[in-house]
Amino acid sequence: MMTKIAMLGLGSMNGAILTGLLGSGVPTEDVVGTARSAASAQQRSQQYGVTVLSEEHDDAANTTAAAQADVVFLGVKPHQIVDLCSGIKDALQPQAVVVSVAAAVTVEMMESALAPGQPVLRAMPNTPMSVGAGVVGLSPGSAVGHDQTEMVAQLLGAAGSVHVLDEQQIDALTGVAGSGPAYAFYLAEHMAAAGVEMGLDPELAADLAAQTIYGAGKMLIENRGQNDAAQLRRNVTSPNGTTQKAIETFDAAGMDATIRAGAQASAARAAEITAQLRG
Ligand SMILES: NC(=O)c1ccc[n+]([C@@H]2O[C@H](COP(=O)([O-])OP(=O)(O)OC[C@H]3O[C@@H](n4cnc5c(N)ncnc54)[C@H](O)[C@@H]3O)[C@@H](O)[C@H]2O)c1
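Model, not experiment: these values are computed from the prediction.

Trainee: For this particular structure, what's the right way to read the nonpolar core?
Mentor: Among the nonpolar cores identified, the biggest contains 31 residues, and F73 and L156 are the most heavily contacted of them. In terms of residue count, the dominant contributor to this core is helix α1 (residues 12–23) (5 residues). Not counting chain neighbours up to four residues away, the residues in contact with F73 comprise I5, A6, M7, L8, N14, L21, V99, V101, L155 and L156. If you look at the next biggest cluster of nonpolar residues, it comprises 22 residues, including C85, V105, M109 and M110.

Pasting the structure below:
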């Protein structure tokens, strides 16, 4: 059976998931997306090759898309999720699985806005889903069946590694993996900027940073179970050599603690938004 998919709100995150799903072989005919304006619906329809309905054109765009779907991805901002759930509540098929990708919005908040028994999954993906190298945390709601969780895990698993985990751990996963690509991009920005400051052509410096981070990530994956990140770092660091100087400079600036504090601040911010949403 083909799984029909609705993507309500096709911004950065749902767009990345959609790119990953299409890249893994999901047929474009099986997906309907929604956008707010007619212009962005048209742009996204051209970009992804799927039907995209707009709220501007039709007030019922989200309910129309949701009504046809087996899996409904909610890709709007956290403060919009509960309203979106209320809006699609009566249109959803009873067995359709509602998957929110929003930070901070709990399973309980969604379940309260949906019909009793509606299957819900709270997901925390990251944007490398778009290149088939994402990470997704999945926390099951009270009414989602094991088979339904497996079905969504398999769907998303084609675009990244899927981890089914207790909802209490999802903010921590957000701090490491949901926000994490931004940390790597931040590193790339500043490695490239250093190269430019040392006289490299900006395009070359950006390429060097990108390829280096890609290569290091690939090594981390391919060395799993053999050499961890600390060992791979040591393998680059000749005694009294160039890398040692760089790492000493990072340590002296407290970069190790800063990176931990940043990831923890991301997780803490998720919890803070949850508290704000509860009011
Ligand atoms: N960007 C990330 O890396 C990332 C990672 C994990 C989770 N998330 C979560 O994904 C969600 C979306 O974030 P984003 O970064 O993609 O934001 P975004 O602003 O790029 O995307 C949201 C999209 O939803 C559209 N939208 C708003 N209301 C709508 C409605 N009623 N109907 C249809 N479309 C509507 C907006 O026009 C926009 O295109 C957030 O809840 C965020 O917490 C984002």
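Trainee: Any chance you could explain the UniProt feature "binding site: NADPH" (unreviewed entry) in the chain here in plain terms?
Mentor: UniProt's feature table lists "binding site: NADPH" (unreviewed entry) at N62, given in the numbering used throughout. Within the secondary structure, N62 is located in helix α3 (residues 61–67). N62 sits in the buried class, given a relative accessible area of 11%. Non-local contacts of N62, meaning those with residues more than four positions away in its chain, are made with L8, T34, E55, L84 and I88.

Trainee: Which parts of the structure should I look at to understand the site of the ligand?
Mentor: Surveying the vicinity of the ligand reveals 21 residues, the closest of which are S12, M13, N62, V76 and A103. Between an oxygen atom of the ligand and a main-chain N or O atom of M13, the distance comes to 2.8 Å. Backbone polar atom of A103 to an oxygen atom of the ligand: 3.0 Å apart, as the coordinates give it. Protein burial of the ligand: of its 820 Å² of free accessible surface, 78% is covered by the chains. Elements that contribute at least two residues to the shell around the ligand include exactly α1, β2 (31–35) and β6 (120–125).

Trainee: Just checking my understanding: could you explain the UniProt feature "binding site: NADP(+)" (unreviewed entry) in the chain for this structure?
Mentor: Listed under "binding site: NADP(+)" (unreviewed entry) in the UniProt record, and renumbered for this structure, are L8, G9, L10, G11, S12 and M13. Relative to the assigned elements, L8 resides in strand β1 (residues 5–8). Classification of L8 as buried rests on a relative accessible area of 0%. Ignoring anything within four residues of it in the chain, the contact list for L8 reads N14, T34, N62, A65, A66, V72, F73, L74, G75, V76, L84 and I88. Inspection of the secondary structure puts L10 in the loop between β1 and α1. Given a relative accessible area of 4%, L10 falls into the buried group. The residues contacting L10, other than those within four sequence positions of it, are G15, L18, G33, T34, R44, Y48 and V52.

Trainee: Can you help me understand the pattern of salt bridges in this one?
Mentor: Where side chains of opposite charge bring their charged atoms close, a pairing between them can arise. Tallied over the full model, the rule gives 6 salt bridges. Between E167 and R122 there is a salt bridge, with the nearest N and O atoms lying 2.7 Å from each other. Of this pair, E167 sits in the loop between β8 (160–164) and α7 (170–178) while R122 is found in strand β6, placing the two residues 45 residues apart along the sequence. Between E248 and K245 there is a salt bridge, and its shortest N-O distance comes to 3.8 Å. Here E248 pairs with K245, and both are found in helix α11 (residues 242–252), just 3 residues apart, close to one helical turn. A residue is classified by how much of its surface remains accessible, and K245, at 56% relative accessible area, is exposed. Connected through salt bridges with shared partners, the residues R122, E167 and D171 form a single ionic network.

Trainee: Is there a simple way to think about the environment of V26 in this case?
Mentor: Its location among the elements puts V26 in the loop between α1 and β2. Residue class for V26 comes out buried when judged on its relative accessible area of 14%. When the C-alpha atoms of V26 and A158 are compared, they prove to be 9.7 Å apart, with 132 residues separating the residues in sequence.

Trainee: I keep staring at the confidence of the model for the chain and nothing clicks. Help me out?
Mentor: Note: predicted coordinates in regions of low pLDDT should not be interpreted at a detailed level. Taken as a whole, the chain shows an average pLDDT of 97; of its residues, 100% reach a score of 70 or greater. Reported confidences for the modelled complex are a pTM of 0.97 and an ipTM of 0.98.

Trainee: Just checking my understanding: could you explain unusual backbone geometry for this structure?
Mentor: Among all residues save glycine, negative phi is the norm, and among peptide bonds the norm is trans. Even without being a glycine, A104 presents a positive backbone phi close to 75°. Position of A104 relative to the elements: it lies in the loop between β5 (97–100) and α5 (107–113). We note that N240 has phi near 60°; this positive angle belongs to a residue other than glycine. As for its position among the elements, N240 is in the loop between α10 (229–236) and α11.

Trainee: Just checking my understanding: could you explain the pairing of strand β7 (residues 134–140) for this structure?
Mentor: For a regular strand, side-chain orientation follows a simple rule: the groups alternate between the two sheet faces. Within β7, 5 of the 7 residues are buried, which leaves the element mostly enclosed by the surrounding structure. Alignment of β6 against β7, held across 5 bridges, turns out to be antiparallel. Paired with L121 across the two strands is P140, which belongs to β7. Strand direction decides the pairing type here: β7 and β8, joined by 5 bridges, are parallel. Bridging from a neighbouring strand, L138 pairs with V164 of β8. Where the polypeptide runs from β7 across helix α6 (residues 146–157) and back to β8, its parallel neighbour, the crossover connection is right-handed.

Quick notes on the rules
Residues numbered from 1 in each chain as written. Predicted model: local features only at pLDDT ≥ 70, side-chain atom pairs only at ≥ 80, totals over all residues. Heavy atoms only, no water. Core = buried A, V, L, I, M, F, W, Y, C linked by side-chain atoms within 4.5 Å. Buried < 20%, exposed > 50% of the residue type's maximum accessible area, 1.4 Å probe, protein only. Helix = DSSP H or I, 4+ residues; strand = E, 2+ residues; numbered from the N terminus. Contact = heavy atoms within 4.5 Å. UniProt positions renumbered as here; feature names shortened; annotations may be inferred. Near = heavy atom within 4 Å. Polar contact = N/O pair within 3.5 Å; in protein donor to acceptor, adjacent residues only side chain to side chain. Areas by Shrake-Rupley, 256 points an atom, 1.4 Å probe, with all protein chains shown as cover. Salt bridge = Lys/Arg side-chain N within 4 Å of Asp/Glu carboxyl O. pLDDT = per-residue confidence, 0-100. Pairing = 2+ DSSP bridges. Right-handed = clockwise from strand over helix to strand, strands pointing away.

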